[in-house]
Amino acid sequence: MKKFWMIVALSLIMWAETASAALVASVDRKLIPQGETVILTLKYDGGKTNQQPDFMPLQKDFSIFSTGTAFQHNFINGKTTQSQEWQLMLMPRGIGKITIPSLALGKLRSNPVEIEVVEANSPVANKAAKASGQAGQPRLAIEAKVDNTNPYVQQEVNVAVKLFDYGGMQIENIIPLDANENNWTVHSLGEPELDSEVINGETVRVITLRFALFPQKSGVLKLPEFMARGYYLTRKARDPMRQIFDDAFGGMGIGGGFDDIFATKQPVSVTSKPIEITVKPMPDGQRSAWWIPAESVELYSEWKPTPPQFKVGEAVTRNIYIKAVGVTDNQLPNPDFKDSDALRQYPEKPVAEMKIENGKIASYKMISTVYIPSKQGKTIVPEVSVNWFNVKTGKGETTTLPAMEINVLPNENIRDTVAVEPEAPAKPEAPQQADTTQSIADVEPEYAAPWYVKYIWVIAAFAAGCVISWIIIRRQRPQNDADEVLPAKDYAKRVRAAAKANDVKELRDSLIYWCRQNYQRDDITNLRDVAQAVGYPEFAKLLEELSARLYNPQAAQWNAQAFMNCFDKVVSKKYSSTKGSGKPLPDLYD
């Protein structure tokens, strides 16, 4: 019986403790500018517990950046109190009044808390910042402006994304957000532009990023929204560690900047407002043609050698270039080379690339074509033409590389091959008596080396040249200092490992170190220098995609396996190099 009453007494004590426990929710501020965070504190005063609150209800309206737990044990006036706290850094997903829902800890539930999210740098946000003593804290806003709200399908649409920073924000990235609808392809139009503007009497830092977007279907489409992410540092007004540091080093003039050690990173994220545009379909008259909605298309060519000399049976190379402004390189067609009875044509695999010119995407394609005349005399090199759609005039146009007349000279070593079928060999005549004064057996045959001997000599000479060059490079290589300099092959391994791991930052650094060692050039500092040093158009294009991936983690063009395959070609030099010119395609005009 005594045991029964002891159990009842203990149960009543535990029930009383549980009944007196509470879970209280509070926030550090109730008016939050868009893109900034709010600190939610859950306090449980029932002592230490191994249970965790259920935070799932928060994910509907908030992004959870961090969580932390603290336990307090206080002894005041002979009375012991214990409490446990959870602190969450939350970023609201929308604008307006939002309720932080009641959260559960076992059978306990916290009180709901209402907050209000206002547009960044709005008068309400500024007034709240001054009232709370946070007037010096950074505020930011973002806007996106489009240059054309009624383009044709696959026509270039340029978007300028501006981030207004009112002080101190450390930007991590500005990226387009797409709901995986495959409605757009996005290309960066260069590095960010940094400027400042005076708004309402206050100097504001303005960071502008430009993108080229290509709609992939017609109709009413939403432009991808753009998100800027970063952080700013917050410091406690009376941080004892910071005060100690200032007292110790402030007089030495080295205190500035070092107190950031004691600051807290406050995440910031802001998204541009959605923009709708109406995309026009391909015109009816263009549906049967290759669709090129461009601002301009040009055709030009160069002969090798220059000027060309045509002989029967001898090859002459002609590089034909297509340049189009306002389309991507994969939108460029392969021109149709018209047949010619007197001139055989052998187009090689095209090489394409994209550039940024005057704030627009300019795409180039080079088709190297070999011409071999089959008979002498006057003949015509057929014209080359490209049909395209002029988005400025709204009309279809044709750009033509005119036909040209050439004079084909005879070849002393090759007969004029007018007839296609070879002639039958003539029957040998009986030898004349006068020709038999010397017998065939008396004539010593002239020695002829096997056909492959000259190739062996060429290969041996090439190998010897490679060995000598390697020795010279090894002797000229600077000795390692305190920082170890690895051989190019070791950096090549790092490049492959980084590409396989999809670590684009490590890949960029390893590529630069590899290129420095491989070409013995200390002036290589970025991916553009790497592309110029290698001189391989396909590799240069992949480096451009890598550069876009560095700034835009969601870039759809990046293909790690394709990069590794191309890098293997570069390392083994099994590619057609244009390194001598320093660029894959020549300029349009001299």
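Residues numbered from 1 in each chain as written. Predicted model: local features only at pLDDT ≥ 70, side-chain atom pairs only at ≥ 80, totals over all residues. Heavy atoms only, no water.

1. Quick look at the pattern of salt bridges
Going through the model one piece at a time under the given rule, you end up with twelve salt bridges. Across the pair E197 and K162 runs a salt bridge whose closest N-O atoms are separated by 3.7 Å. In this pair, E197 is assigned in strand β14 (residues 193–199) and K162 in strand β11 (residues 157–165), connecting sequence segments 35 residues apart. Assessed through its relative accessible area of 31%, E197 is described here as partly exposed. In this structure, R210 and E193 form a salt bridge, with 3.1 Å as the shortest nitrogen-oxygen distance. Taken as a pair, R210 in strand β15 (residues 202–215) and E193 in strand β14 lie far apart in primary sequence, 17 residues in all. The class of R210 is partly exposed, set by a relative accessible area of 35%. (Salt bridge = Lys/Arg side-chain N within 4 Å of Asp/Glu carboxyl O. Helix = DSSP H or I, 4+ residues; strand = E, 2+ residues; numbered from the N terminus. Buried < 20%, exposed > 50% of the residue type's maximum accessible area, 1.4 Å probe, protein only.)

2. Some details on the nonpolar core
Counting residues in hydrophobic clusters, the biggest one holds 33 residues, and the most contacted among them are L507, L511, W514, F539, L543 and F563. Within the residue set of this core, elements represented by two or more residues are α5 (488–500), α6 (504–519), α7 (527–534), α8 (537–551) and α9 (560–572). If one sorts the elements of this core by residue count, α6 sits on top with seven residues. Core analysis: the second largest hydrophobic core is formed by 28 residues, I142, L163, W184 and L221 among them. (Core = buried A, V, L, I, M, F, W, Y, C linked by side-chain atoms within 4.5 Å.)

3. Re the pairing of strand β23 (residues 316–325)
Each regular strand carries side chains that alternate between the two faces of the sheet. Where burial is concerned, most of β23 is hidden: nine out of the ten residues are buried. As paired strands, strand β21 (residues 296–304) and β23 are joined by nine bridges and run antiparallel to one another. By the bridge assignment, V297 is partnered in β23 with A324. Direction of pairing for β23 relative to strand β26 (residues 360–373): antiparallel, over a ladder of ten bridges. When the bridges of β26 are listed, T317 appears paired with V370. (Pairing = 2+ DSSP bridges.)

4. Focus on the sheet that holds strand β27 (residues 377–381)
Here three strands make up an open sheet; going across it, the order is β22-β30-β27 and the pairing mixed. Both edges of this open sheet fall to β22 (310–311) and β27, since each of them pairs with a single strand only. Taken together, the two bridges between β22 and strand β30 (residues 404–409) define a ladder with parallel strand orientation. Opposite K311, over in β30, you have L409 as the bridge partner.

5. A look at the confidence of the model for the chain
When pLDDT is averaged across the chain, the result is 76; 70% of the residues are at 70 or more. No element of the chain has a lower mean pLDDT than helix α3 (residues 240–249), which averages 50, and none a higher one than strand β20 (residues 293–294), which averages 95. Note that residues 416–449 has pLDDT below 50 and, in this model, six contacts with residues that lie over four places away or in other chains. Taken together, the stretch residues 578–590 has pLDDT below 50 and engages in 26 contacts with residues farther than four places along the chain or on a different chain. (pLDDT = per-residue confidence, 0-100. Contact = heavy atoms within 4.5 Å.)

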